[in-house]
Amino acid sequence: ISDICQRELRNQLLKRTGEAWGDTAWLESGTKPLQGNFDAFTFDPNGFKFHFAPYQVSAYALGFWIVEASFEELADILLLDGPVAAVRSSIKDECG
């Protein structure tokens, strides 16, 4: 999750500002592979969305960040036939 989020956040910053990440200490600290860094998440039939508050990965002025990761991207850490599969199926049924 850490690698996926770091890669996507770097891409998002480039799109938002036209600049690459200068000092990466904030980004790396806020996306270290620690549970607390990924406590804020949601999911839908397509995958997870990891939410990063201001100051977690960048300056407050840059706002909130959301990284989307598909179930397939997370396949090596998720049991796709476990609870996620049941919830994913249920959501797809409700959403069409």
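Coordinates for the structure precede this section.
Residues numbered from 1 in each chain as written. Predicted model: local features only at pLDDT ≥ 70, side-chain atom pairs only at ≥ 80, totals over all residues. Heavy atoms only, no water.

Peer 1: Kindly report on helix α1 (residues 2-17), identifying the contributing residues and their values.
Peer 2: Along its 16 residues, α1 runs 22 Å from first to last C-alpha, staying within 8% of the 22 Å computed at 1.5 Å per residue. Those residues of α1 lying buried are Ser2, Ile4, Cys5, Gln6, Leu9, Gln12 and Leu13. Backbone geometry just downstream of α1 places Gly18 in the positive-phi region, at approximately 80°. (Helix = DSSP H or I, 4+ residues; strand = E, 2+ residues; numbered from the N terminus. Expected span 1.5 Å × (residues − 1). Buried < 20%, exposed > 50% of the residue type's maximum accessible area, 1.4 Å probe, protein only.)

Peer 1: Can you tell me about the sheet that holds strand β3 (residues 65-70), naming the residues and giving the values?
Peer 2: On the basis of which strands lie adjacent, the open sheet formed by three strands has the order β1-β2-β3 and antiparallel pairing. Taken across any chain shown, the strands that pair with only one partner, and hence form the sheet edges, are β1 (41-44) and β3. On average, adjacent strands in this sheet sit at an angle of 20° to one another, irrespective of strand direction. The strands touched by α1 are β2 (47-52) and β3; relative to β3, the strand with the most contacts, the crossing angle is about 130°. (Pairing = 2+ DSSP bridges. Axes fitted to C-alpha atoms, helices over the stretch in contact; angles between N-to-C directions. Contact = heavy atoms within 4.5 Å.)

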